[in-house]
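Structural description and commentary
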Protein chains: 2
Amino acid sequence: MMQLKLEHYNIKIGQHKVLLNIVDAKELGVNPGDRVRIRGHQSLSAIVDTTDDMVPPGTLGVFTEVYEHFEDWDKPVEVVPSFRSKSAAVIKKMLDKKPVVQDEIKMLVSDIVDENLSDVELSAFITASYIHGMTDDEVEWLTRAMIDTGDTIEFDTHPIMDKHSIGGVPGNKISLLIVPIVAANGLLIPKTSSRAITGAGGTADLMEVLSPVEFSSQEVKEITEKVGGALVWGGATNIAPADDKLIKIEYPLSIDPYYQMLASIMAKKGAIGADNVVMDIPVGPGTKVPTVQEGQKLARDLINLGHRLGMNVECAITYGSSPIGRRVGPSLEVKEAMKVLESMEGPNSLIEKSAALAGILLEMGGAAPRDQGKELALETLRSGKALEKMKQIIEAQGGDPNIKSDDIQTGQYTADIFASTDGYVMEFDNKWIIEIARLAGAPNDKGAGVAIHKKRGEQVKKGDPILTIYAEKEIKLDNALATAQRTNPIIVEGMLLRRIPGTYGFQ
Amino acid sequence: MMQLKLEHYNIKIGQHKVLLNIVDAKELGVNPGDRVRIRGHQSLSAIVDTTDDMVPPGTLGVFTEVYEHFEDWDKPVEVVPSFRSKSAAVIKKMLDKKPVVQDEIKMLVSDIVDENLSDVELSAFITASYIHGMTDDEVEWLTRAMIDTGDTIEFDTHPIMDKHSIGGVPGNKISLLIVPIVAANGLLIPKTSSRAITGAGGTADLMEVLSPVEFSSQEVKEITEKVGGALVWGGATNIAPADDKLIKIEYPLSIDPYYQMLASIMAKKGAIGADNVVMDIPVGPGTKVPTVQEGQKLARDLINLGHRLGMNVECAITYGSSPIGRRVGPSLEVKEAMKVLESMEGPNSLIEKSAALAGILLEMGGAAPRDQGKELALETLRSGKALEKMKQIIEAQGGDPNIKSDDIQTGQYTADIFASTDGYVMEFDNKWIIEIARLAGAPNDKGAGVAIHKKRGEQVKKGDPILTIYAEKEIKLDNALATAQRTNPIIVEGMLLRRIPGTYGFQ
């Protein structure tokens with residue numbers, strides 16, 4: 001035990017951490033990474049780091065997460081060595097691929113949400129589950145723990161519908177059509193979405209062009225009960241908050257552990273009380289799911305996990321090798337989607353995919369007989385009911401319901417990329433499109449992005465524009481243009497790639 | 001690109017890190033964990049974290065590691081997004097168990113030493129190598145990289161001898177005997193040692209009772225050339241500095257990845273130019289190496305790695321289930337070792353083990369014919385030559401060469417633990433002894449520790465003292481005593497534990 005006076009470092013570092021002078025640490029018998037218990041006005045546990053110069057002996061340096069637990073700063077605090085974190089012991093088990101029980105996963109997720117684990121511990125957990133995978137039980141427990149450590153919404157009316165797209169495909173603006181179609185047919189669909197991390201625009205980034213998207217879970221409930229649907233940013237609610245903590249570790253490692261992805265998706269559905277969920281699984285080179293076989297496994301796993309959690313899940317394996325529609329970037333995509341709502345004018349890939357997935361939800365929710373969901377979805381678009389519903393949602397979220405697709409501003413700086421020869425567009429992949437859109441400023445600059453005039457496999461003539469880059473800032477346009485020109489999609493002359501002489505039989 | 005003014009957070013956090021306001025981060029298109037390049041007076045790369053309140057837009061918060069690169073603080077700096085760290089890509093490969101090449105491991109270790117990796121990345125690397133293991137090539141490359149990223153010592157005279165003990169056995173003070181025995185026979189043995197992290201005293205903690213132990217590698221060379229041997233703390237040299245960075249990650253995870261342990265041991269030997277190394281591998285329950293089979297594998301791997309690095313390695317598998325000698329804790333152990341040097345008085349386990357291992361080195365170095373090393377070692381002790389050499393080493397390191405074992409002060413507060421019944425000492429393991437010694441203040445309080453009167457398997461009578469606890473502070477004695485009494489070693493009445501009736505043949 002040791003009496004120390006406090007010194008506050010006014011920095012949030014995402015964990016409960018304290019700094020001890022090495023002399024005090026030795027006296028206490030603790031090493032960096034150990035925990036101490038701090039007895040003061042409240043009692044709490046913190047992770048130790050040591051220093052030989054930042055705090056003098058007799059002083060405890062505390063970061064903001066710890067600081068916030070105290071009221072009286074002039075009083076010294078008692079510091080005692082603490083036992084190893086139980087969650088750290090659970091992580092150690094996972095490293096050794098030993099079985100864990102539900103209570104251990106619950107405790108671990110609570111400690112993640114409460115910022116009681118260090119980056120070292122979190123990263124070991126993520127890495128171990130990436131390498132070892134998880135059992136069905138463990139995934140279910142993880143999902144339940146992620147639900148229980150955040151807000152949940154209890155609707156009085158059921159069924160609750162929901163939809164999720166596995167990421168990786170640019171221009172996948174289908175939620176802007178699916179949500180109003182489903183809601184227009186009397187079903188509740190409180191859709192929480194993400195912002196893009198590595199993409200050109202998540203659904204939340206898109207919807208923000210039309211209305212605010214940051215609401216509490218209580219507000220999401222009210223909006224949904226009022227107009228049948230919502231299109232909000234999940235990050236502003238406190239739904240499944242563990243997910244953001246995990247993503248913050250996964251991102252720098254460039255990994256997305258499969259079983260945590262399952263848990264993360266389904267926790268968000270479970271937390272809003274979803275009964276019926278449709279999953280959009282884009283498949284193909286350059287997506288998160290390269291092959292149909294992997295898509296089928298993912299579908300089975302999502303359906304199985306949904307069943308364990310009491311949700312009906314249907315999955316649609318979709319074509320993911322090219323962008324959906326022909327616009328990428330928030331305002332450009334919203335413009336394209338609104339145009340479809342207003343007039344059914346727009347790319348077939350967008351209308352077809354949206355109607356197919358909305359149709360599945362209409363059938364699952366009992367709004368359409370089996371095999372007639374897609375037609376009802378298309379009819380809801382054609383009749384203008386989907387547009388009407390979208391306006392209600394925009395208004396309920398505080399936006400201007402009278403906005404028209406033509407009103408939506410896109411970046412004022414534009415530049416075209418032209419075909420360098422006659423032929424067919426060959427190499428032209430999702431990642432390239434996303435990179436150009438991001439360099440142009442998407443998703444932060446709403447008006448930035450890319451309009452695609454020619455997709456993979458389409459015929460071009462030399463000098464035809466292949467795409468147009470939009471930016472809000474000239475320097476970003478220059479940046480995107482330079483990269484786009486340097487990495488111009490490959491055009492080949494004619495579809496015949498190489499002739500293999502048929503020597504067999506002539507020898 | 002963005003112009004930002006600097007704000008300094010005067011905290012070392014072990015990595016090159018900067019804080020961006022979330023608004024600026026979005027504008028730059030970077031997320032937490034991404035890297036930015038800072039152009040100013042010098043150009044450097046740093047890991048991004050984001051905040052919505054700690055730094056305002058337009059300001060770059062920098063921690064001390066980054067701060068130290070700048071001279072002129074009033075000038076704004078240019079910040080641009082940087083590519084993903086190449087070392088992060090190497091770590092990703094390791095997660096996926098893909099082969100890596102030597103240059104990649106070199107770069108990774110350089111980035112570890114230069115604090116260019118985040119805790120998240122380091123932990124993923126450690127976890128992946130813990131789970132997947134490493135190939136022989138990878139271990140060799142890791143070892144070479146650990147050598148090359150630190151100081152090395154080039155001696156003019158050869159052979160250079162060295163010794164290493166795998167940890168876990170309390171009281172393992174044998175280096176205090178082996179080094180002077182070997183040096184007294186004309187061989188150079190520049191022994192770097194560690195301080196205890198979880199133990200009751202590393203060799204460096206022990207030697208510090210007799211002399212300073214913190215020297216640069218140049219000083220280690222000079223001491224060794226002058227008197228033939230040195231007993232110093234490796235942490236004060238800049239030898240294999242990557243090791244400390246790795247330990248800082250491994251420690252909170254309670255793991256010691258096997259192949260990194262190999263690399264860490266051998267890097268320290270390689271860096272001082274060792275030609276002949278003896279390895280002490282204590283085996284038994286409660287040690288790091290539970291079975292003889294595992295000890296043999298470790299021996300083969302160390303010999304193999306030594307061969308790849310041009311070192312002769314011999315291994316001794318030793319009995320590790322009980323403490324070596326009967327004293328645990330810095331001053332107590334030094335007293336015990338000095339007594340042996342002065343008069344050959346002391347526990348057989350200590351004298352036998354030290355002579356056996358020193359003997360192997362004497363044979364390897366050509367100072368004794370095959371099979372006669374141990375006898376020469378014992379003779380070196382008996383003749384007083386080892387004591388004489390130890391005095392020279394103490395003097396060369398700045399200590400008092402005339403110190404006698406009786407002069408060494410041990411903790412003034414003592415308490416005995418008594419046998420609660422007649423019988424034999426049964427459960428009495430290394431971890432228990434270490435815990436009591438640490439609670440009493442070891443290794444930080446040099447005089448704290450434990451004197452063991454009865455070891456496992458020895459006969460006791462009710463009321464016999466089993467051990468004596470020494471402490472420098474009364475409160476620590478009370479602490480250690482309370483725990484020792486609560487967890488008193490189990491005494492059984494008689495050696496017969498349980499009678500299993502021999503029913504076979506009588507039915």
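Because the structure is predicted, anything quoted here is derived from the model rather than measured.

Considering the sheet that holds strand S10 (residues 276–283) of chain B
Residue and element names in this part refer to chain B. Strand order in the open sheet formed by three strands is S7-S10-S11, with parallel pairing between adjacent strands. Each of the sheet's edge strands pairs with one partner strand only, and the pair in question is strand S7 (161–165) and strand S11 (312–319). Direction aside, neighbouring strands of the sheet carry axes that sit 20 degrees apart on average. Pairing of S10 with S11 involves eight bridges; the strand directions are parallel. When the bridges of S11 are listed, Pro282 appears paired with Thr318. The strands touched by helix H12 (residues 292–309) within the sheet are S10 and S11, with S11 carrying the most contacts at an inclination of about 165 degrees. Along the sheet face, helix H14 (residues 348–364) touches S7, S10 and S11 and points at about 155 degrees away from the line of S10.

Quick look at the packing of helix H3 (residues 86–95) of chain A against helix H4 (residues 102–113) of chain A
All names here are of chain A. It is at 9 Å that the axes of H3 and H4 come closest, and there the two elements cross at 120 degrees. The orientation of H3 with respect to H4, classified from their angle, is oblique. Crossing of H3 against H4: the hand is left-handed. Where H3 abuts H4, its residues Lys86, Ser87, Val90, Ile91, Lys93 and Met94 lie against Glu104, Ile105, Met107, Leu108 and Asp111. Grouping the amino acids of the contact of H3 with H4 by side-chain chemistry returns six nonpolar, one polar and four charged.

Some remarks on the relation of the copies chain A and chain B
When chain A is fitted onto chain B, the two copies agree to an RMSD of 0.1 Å after a turn of 180 degrees and an axial shift of 0.0 Å. Overall, the copies show the geometry of a two-fold rotation axis. Of all interface residues in chain A, 100% are interface residues in chain B too; the two copies therefore contact each other through one and the same surface.

Here we look at the sheet that holds strand S13 (residues 413–418) of chain A
Residues and elements named next belong to chain A. The strand order across the open sheet formed by four strands is S12-S15-S17-S13, and the pairing between neighbours is antiparallel. Both edges of this open sheet fall to strand S12 (327–328) and S13, since each of them pairs with a single strand only. Pairing of S12 with strand S15 (residues 449–452), which is carried by two bridges, proceeds in the antiparallel orientation. Within S15, the residue paired with Val328 across the bridge is Val450. The strands touched by helix H18 (residues 474–486) within the sheet are S13 and strand S17 (465–471), with S13 carrying the most contacts at an inclination of about 10 degrees.

Quick notes on the packing of aromatic side chains
Summed over the entire model, instances satisfying the criterion amount to four aromatic pairs over all chains. With a centroid separation of 5.0 Å and an interplanar angle of 85 degrees, the aromatic rings of Tyr258 of chain A and Tyr259 of chain A are classed as edge-to-face. It is Arg195 of chain A that lies over the ring of Trp233 of chain A; its NZ or CZ is 4.5 Å from the centre. Over the aromatic face of Tyr251 of chain A sits the side chain of Arg84 of chain B, whose NZ or CZ is 5.3 Å from the ring centroid.

Overview of the environment of Gly441 of chain A
Residues and elements named next belong to chain A. You can see Gly441 is positioned in the loop between helix H17 (430–439) and S15. Given the relative accessible area of 3%, Gly441 is considered buried. With 36 residues separating them in the primary sequence, Gly441 and Leu477 have C-alpha atoms 8.2 Å apart. Ignoring anything within four residues of it in the chain, the contact list for Gly441 reads Ala448 and Lys476.

Section: a negative patch on the surface
Residues and elements named next belong to chain A. Together, Glu342, Glu395, Asp400 and Asp407 give the surface a local cluster of negative charge. Along the chain, the position of Glu342 falls in helix H13 (residues 330–343). Looking at Glu342, the relative accessible area reads 31%, which means it is partly exposed.

Topic: the confidence of the model for chain A
Here chain A shows a mean pLDDT of 91. Residues at 70 or above account for 96%. Confidence drops under pLDDT 50 across residues 503–507 of chain A; counting only partners more than four residues distant or on other chains, this segment forms zero contacts.

A word on the packing of helix H6 (residues 136–148) of chain A against helix H11 (residues 258–271) of chain A
Residue and element names in this part refer to chain A. Two elements in contact, H6 and H11, have axes whose closest approach is 8 Å; the angle formed by their N-to-C orientations is 45 degrees. Considering their axes alone, H6 and H11 lie oblique with respect to each other. Pair H6 / H11 crosses with right-handed handedness. Packed against H6, whose contacting residues are Val139, Leu142, Thr143, Met146 and Ile147, the element H11 presents Tyr259, Gln260, Leu262, Ala263, Ser264, Met266, Ala267, Gly270 and Ala271 at the interface. Its residues assigned to classes, the contact of H6 with H11 comprises ten nonpolar, four polar and no charged.

Points about the interface of chain A and chain B
Each partner contributes residues to the interface: chain A has 44 residues there, and chain B has 44 residues. Buried surface at the junction of chain A and chain B, summed over both partners, amounts to about 4100 Å²; 55% is from carbon and sulfur atoms. Counting every contact that joins chain A to chain B gives eight salt bridges. Measuring nitrogen to oxygen at the nearest pair gives 2.9 Å for the salt bridge that ties Asp53 of chain A to Lys12 of chain B. For the side of chain A that touches chain B, the elements supplying multiple residues, two or more each, are helix H1 (22–28), H3, helix H5 (119–132) and helix H10 (242–253) of chain A. With ten residues, the single largest contributor to the side of chain A that touches chain B is H5 of chain A. Taken together, the residues of the side of chain A that touches chain B break down into 18 nonpolar, nine polar and 17 charged.

Brief notes about H17 of chain A
Since the α-helix turns once every 3.6 residues, residues separated by three or four places project in the same direction. All names here are of chain A. Of the positions making up H17, those classed as buried are Asn430, Trp432, Ile433, Ile434, Ile436 and Ala437. Looking at the buried positions of H17, the neighbouring elements they touch are S12, S15, S17 and H18. One or two positions beyond H17, positive phi appears at Gly441, with a value near 125 degrees.

Some details on the pattern of salt bridges
All names here are of chain A. Evaluated as defined, the whole model comprises 63 salt bridges over all chains. Residue Arg308 pairs with Glu140 through a salt bridge whose shortest N-O separation is 2.4 Å. Taken together, the residues Arg308 in helix H12 (residues 292–309) and Glu140 in helix H6 connect sequence positions 168 residues apart. Residue class for Glu140 comes out buried when judged on its relative accessible area of 14%.

Here we look at the side chain of Thr149 of chain A
Residue and element names in this part refer to chain A. Following the sequence through the fold, Thr149 ends up in the loop between H6 and strand S7 (161–165). Engagement of the side chain of Thr149 in a polar contact is seen with the backbone oxygen of Met146, the distance being 3.4 Å. Excluding its chain neighbours within four sequence positions, the residues that come into contact with Thr149 are Val109, Ser110, Val113 and Pro241.

Basis of the calculations
- Residues numbered from 1 in each chain as written.
- Chains lettered and ligands numbered in written order.
- Predicted model: local features only at pLDDT ≥ 70, side-chain atom pairs only at ≥ 80, totals over all residues.
- Heavy atoms only, no water.
- Pairing = 2+ DSSP bridges.
- Helix = DSSP H or I, 4+ residues; strand = E, 2+ residues; numbered from the N terminus.
- Axes fitted to C-alpha atoms, helices over the stretch in contact; angles between N-to-C directions.
- Contact = heavy atoms within 4.5 Å.
- Parallel < 35°, antiparallel > 145°, perpendicular 65-115°, else oblique.
- Left-handed = near helix turned anticlockwise from the far one by under 90°.
- Nonpolar A, V, L, I, M, F, W, Y, C, P; charged D, E, K, R; others polar.
- Least-squares fit on C-alpha atoms with pLDDT ≥ 70 in both.
- Phe/Tyr/Trp six-rings, centres within 6.5 Å; stacked < 30°, edge-to-face > 60°.
- Lys NZ or Arg CZ within 6 Å of the ring centre and 35° of its normal.
- Buried < 20%, exposed > 50% of the residue type's maximum accessible area, 1.4 Å probe, protein only.
- Patch = residues over 30% accessible without salt bridge, like charges linked within 9 Å, V, L, I, M, F, W, Y side chains within 5 Å.
- Areas by Shrake-Rupley, 256 points an atom, 1.4 Å probe, with all protein chains shown as cover.
- Salt bridge = Lys/Arg side-chain N within 4 Å of Asp/Glu carboxyl O.
- Lys, Arg positive; Asp, Glu negative; His and termini not counted.
- Charge placed at Lys NZ, Arg CZ, Asp CG, Glu CD.
- pLDDT = per-residue confidence, 0-100.
- Buried area = accessible area lost by both parts, 1.4 Å probe.
- Polar contact = N/O pair within 3.5 Å; in protein donor to acceptor, adjacent residues only side chain to side chain.

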